[in-house]
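Okay, here's what each chain looks like letter by letter:
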Amino acid sequence: MFRLDVILLAERICEMESFGIYTLANDVVYDQLVALLNSIEVNIGTDIPVCIIPYDDRLDMVRQEVNSRQNVTLYDNYDSIQRWEEFAHQVWAAHPREMQRKTPRPGWYKGHLQRKFAAFDGIFDKFVFYDGDSLVMKVVTDVIEKLETYDFVFDDWEHIKPSSVTALNISVIEKSGLYTEANIRPQLHCSSFFGSKRGLFTAEEMEVMKQQLIAQNEVEWINEHGWWDDAFLFNYMTLRCNRSLFNFTLSPNSQDRTGNCANADPFVNINNVLYNQEGLKPIHRLHYMSYSSQEFARLSQGEDVNIRYKDEFLYYRFLKQPELRPKQLKPPSILLKTNRKIQKFLGKII
């Protein structure tokens, strides 16, 4: 039996010029990528086009997976990728935190998370982006509908964070006289899930923003504890471009307001689809925030890793290869855990 929501979504997409899904991946997150792609097929549909933006050049396994799926492609506009890389790195180099740096840069500095913004130059007129450490839990008809009215659609609770840890430095921005905290708060969001449209950030607009950030010192609008973070930069971009934004967690409809984080929110599993525990409300995705790719690789190899909702991950990871799913999860040995701690310690001092 075909699910009615999937059929309705397919009909809705047929009416549109172009719609698809993006994610960001490389071979390091292969297990998570497979789980995400399988969850898309099950809970959105097999005909939805998916485009993988390469995080870096480690793509051998990713390419094999792309070749095995008719609806999946690999993003190949490297001019766009390079443009976003340079934009982010120039902005971070101008941030006061970097200018005052006296110690070596952290390992994740100059990473490639900003490559996800290449979606704005991509092949889909309208799209939804999922971080690779996610599982899709429902169709995105509601996101598509919101994109008819809004330019950005989010579903997260960043707007309730204390000012000390928000993406934007609210007190500094208020001094500019351009925005108040009441203006800024509803605009705060993360970058792990969002719907938007192609062409919103042209090369010309990016150049204007770069001038504002660097020459006019608006880089100080970005909170210093996240000066390297793609989500923090994205918050500046969406605020400063003055385009319309909708966040489901601020919806007047209580059915829209749900959790999404595996490490924090309680969910109920019904036929391998998770629902918000309070009210059994459908959620857009399960986000495995704060868990490393190594933990998912170990889990996929049969190690009993401390990950919430690991059974749901294993279900989608091995959906097409049930014979490869670990029959039993085994805890790591004392020796293995000791070696990992030593390697972690050595990594910090090298």
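**Q** Lay out the overall build of the protein with the relevant residues and their values.
**A** Scanning the protein from N- to C-terminus turns up 13 helices and twelve strands. Within the protein, the fraction of its 350 residues that count as buried is 53%. Partitioning the intrachain contacts of the protein with sequence separation of at least 6 by distance along the chain shows that 77% fall at a separation of at least 24.

**Q** Now, about unusual backbone geometry: what can you tell me, with residues and values included?
**A** Phi at Asn242 takes a positive value of approximately 60°, unusual for a residue other than glycine. Tracing the backbone shows Asn242 in the loop between helix 10 (230-240) and strand 8 (245-247). Positioned with a positive phi, Ser290 is a non-glycine residue whose angle comes to about 80°. Examined against the element boundaries, Ser290 turns out to sit in the loop between strand 12 (285-287) and helix 11 (293-300).

**Q** A description of the packing of helix 4 (residues 78-93) against helix 9 (residues 203-215) should follow, citing residues and the corresponding values.
**A** Between helix 4 and helix 9, the shortest axis-to-axis distance is 10 Å and the interhelical angle comes to 10°. The angle between helix 4 and helix 9 falls in the class roughly parallel. The residues of helix 9 that touch helix 4, namely those facing Arg83, Trp84, Phe87, Gln90 and Val91, are Ala203, Met206, Met209, Lys210, Leu213 and Ile214. Looking at the contact of helix 4 with helix 9 residue by residue, the classes come out as eight nonpolar, one polar and two charged.

**Q** Please give an account of the pattern of salt bridges that cites residues and values.
**A** Overall, the coordinates contain 18 salt bridges when judged by the stated rule. We note a salt bridge from Glu158 to Lys161, for which the minimum N-O separation is 2.9 Å. A salt bridge links Arg240 to Glu218; the shortest N-O distance between them is 2.8 Å. Of this pair, Arg240 sits in helix 10 while Glu218 sits in the loop between helix 9 and helix 10, and the two are 22 residues apart along the sequence. An identical accessibility class is assigned to Arg240 and Glu218; each is buried. Connected through shared salt-bridge partners, Glu41, Glu65, Arg69 and Lys320 make up one network.

**Q** Tell me about the pairing of strand 2 (residues 50-54), and name the residues and values.
**A** Both faces of the sheet carry side chains from a regular strand, because those side chains alternate between them. The buried count for strand 2 comes to five of five residues, which makes it a mostly enclosed element. Neither face of strand 2 is open: one carries Val50, Ile52 and Pro54, the other Cys51 and Ile53, and all of them are buried. Pairing of strand 1 (residues 19-25) with strand 2, which is carried by five bridges, proceeds in the parallel orientation. Bridge assignment links Ile21 to a residue of strand 2, and that residue is Val50. Following the chain from strand 1 across helix 2 (residues 30-43) to the adjacent parallel strand 2, one finds a crossover that is right-handed. Strand direction decides the pairing type here: strand 2 and strand 3 (residues 72-74), joined by three bridges, are parallel. From the neighbouring strand, Cys51 faces strand 3, where its bridge partner is Thr73.

**Q** I'd like a description of helix 12 (residues 310-317), backed by residues and values.
**A** Of the residues making up helix 12, those classed as buried are Glu312, Phe313, Leu314, Tyr316 and Arg317. Of the surrounding secondary structure, the elements contacted by the buried residues of helix 12 are helix 2, strand 5 (134-136), strand 9 (267-270), strand 10 (273-276) and helix 11.

**Q** Go over the packing of aromatic side chains with me, naming the residues and quoting the values.
**A** As enumerated under the stated definition, the model contains 32 aromatic pairs in all. With 6.2 Å between their ring centres and 85° between their planes, Phe152 and Phe234 make a pair best called edge-to-face. Residue Phe152 is found in strand 6 (residues 152-154), and its partner Phe234 is found in helix 10; the two are separated by 82 residues along the sequence. As far as the burial class goes, Phe152 and Phe234 line up, both buried. Ring geometry for Phe154 against Phe194: centres 6.2 Å apart, planes inclined by 40°, an arrangement best described as tilted. Of this pair, Phe154 sits in strand 6 while Phe194 is found in strand 7 (residues 193-197), placing the two residues 40 residues apart along the sequence. Its relative accessible area of 0% is what places Phe154 among the buried residues. Judged by relative accessible area, Phe194 falls into the buried class, the value being 0%. Between Lys146 and the ring centre of Phe246, over which it is positioned, the NZ or CZ distance is 4.3 Å. Stacked on the ring of Phe318, the Lys or Arg Arg317 has its end atom at 4.5 Å from the ring centre.

Calculation rules
Residues numbered from 1 in each chain as written. Predicted model: local features only at pLDDT ≥ 70, side-chain atom pairs only at ≥ 80, totals over all residues. Heavy atoms only, no water. Helix = DSSP H or I, 4+ residues; strand = E, 2+ residues; numbered from the N terminus. Buried < 20%, exposed > 50% of the residue type's maximum accessible area, 1.4 Å probe, protein only. Contact = heavy atoms within 4.5 Å. Axes fitted to C-alpha atoms, helices over the stretch in contact; angles between N-to-C directions. Parallel < 35°, antiparallel > 145°, perpendicular 65-115°, else oblique. Nonpolar A, V, L, I, M, F, W, Y, C, P; charged D, E, K, R; others polar. Salt bridge = Lys/Arg side-chain N within 4 Å of Asp/Glu carboxyl O. Pairing = 2+ DSSP bridges. Right-handed = clockwise from strand over helix to strand, strands pointing away. Phe/Tyr/Trp six-rings, centres within 6.5 Å; stacked < 30°, edge-to-face > 60°. Lys NZ or Arg CZ within 6 Å of the ring centre and 35° of its normal.

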